[in-house]
Amino acid sequence: MTDLAIDSRIYLYDKLDLALQELDILFNTTNTELIGFPTFGTNFEQFLWQMNPAENQLKEYIEEKIVEETLILRECQYDITVERKEESTNVIYEVGIDIYEDENKDNKRQRIYRLM
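Residues numbered from 1 in each chain as written. Predicted model: local features only at pLDDT ≥ 70, side-chain atom pairs only at ≥ 80, totals over all residues. Heavy atoms only, no water.

Student: Lay out the environment of Val67 in plain terms, naming residues and giving numbers.
Tutor: As for its position among the elements, Val67 is in helix H3 (residues 55–69). Setting aside anything within four residues of it in sequence, one finds Val67 in contact with Arg74 and Tyr78. (Helix = DSSP H or I, 4+ residues; strand = E, 2+ residues; numbered from the N terminus. Contact = heavy atoms within 4.5 Å.)

See below:
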């Protein structure tokens, strides 16, 4: 059992739920926010503003962060899709991440993030 929950009364037992929790923590933490680990997290706001990346560049950045900064998620199998949408004056990246345990993808979890 691994406890990634903020509330110590809640425990996650399922590997996919743990991977989702880890992904949410990674995506919602900015660099320098975690004391002692200044590179942990994603700096999406700065990354997207400075580079205005193509879909494949953002996908590579996310894959790199998953490999470097996660324990459970990098042991699972996952698919990342990135779609770039232009709405009026904003560019929005819609990132979909499917996480599954085995090859046949029967049991999977999904998260969709909208990044601006």
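There's plenty left to go through after this.
Student: Give a description of the nonpolar core that names residues and reports values.
Tutor: Nonpolar side chains tend to gather and get buried jointly when the protein is soluble and globular. One finds Leu58, Ile62, Val95, Ile97 and Ile99 to be the most contacted residues of the largest nonpolar core, which totals 26 residues. Within the residue set of this core, elements represented by two or more residues are helix H1 (15–27), helix H2 (44–51), H3, strand S1 (77–87), strand S2 (90–100) and strand S3 (108–115). The element best represented in this core is H1, accounting for seven residues. Not counting residues up to four positions away in its chain, the partners in contact with Leu58 are Phe44, Phe47, Leu48, Pro53, Val82, Tyr93, Val95 and Leu115. (Core = buried A, V, L, I, M, F, W, Y, C linked by side-chain atoms within 4.5 Å. Buried < 20%, exposed > 50% of the residue type's maximum accessible area, 1.4 Å probe, protein only.)

Student: Lay out unusual backbone geometry with the relevant residues and their values.
Tutor: Peptide bonds are mostly trans, and most non-glycine residues show a negative phi. The phi torsion at Thr32 lies on the positive side, around 70°, for a residue other than glycine. Its place among the elements puts Thr32 in the loop between H1 and H2. Assessed through its relative accessible area of 63%, Thr32 is described here as exposed. In the Ramachandran plot, Ser88 falls in the positive-phi region, its phi being about 50° despite a non-glycine side chain. Structurally, Ser88 is set in the loop between S1 and S2. Judged by relative accessible area, Ser88 falls into the exposed class, the value being 77%.

Student: Give me the environment of Thr30: which residues, what numbers.
Tutor: The topology assignment puts Thr30 in the loop between H1 and H2. Taking C-alpha positions, Thr30 is 4.9 Å from Gly41, a pair spaced eleven residues apart along the chain. When sequence neighbours within four positions are dropped, the list of residues in contact with Thr30 reads Phe40, Thr42 and Asn43.

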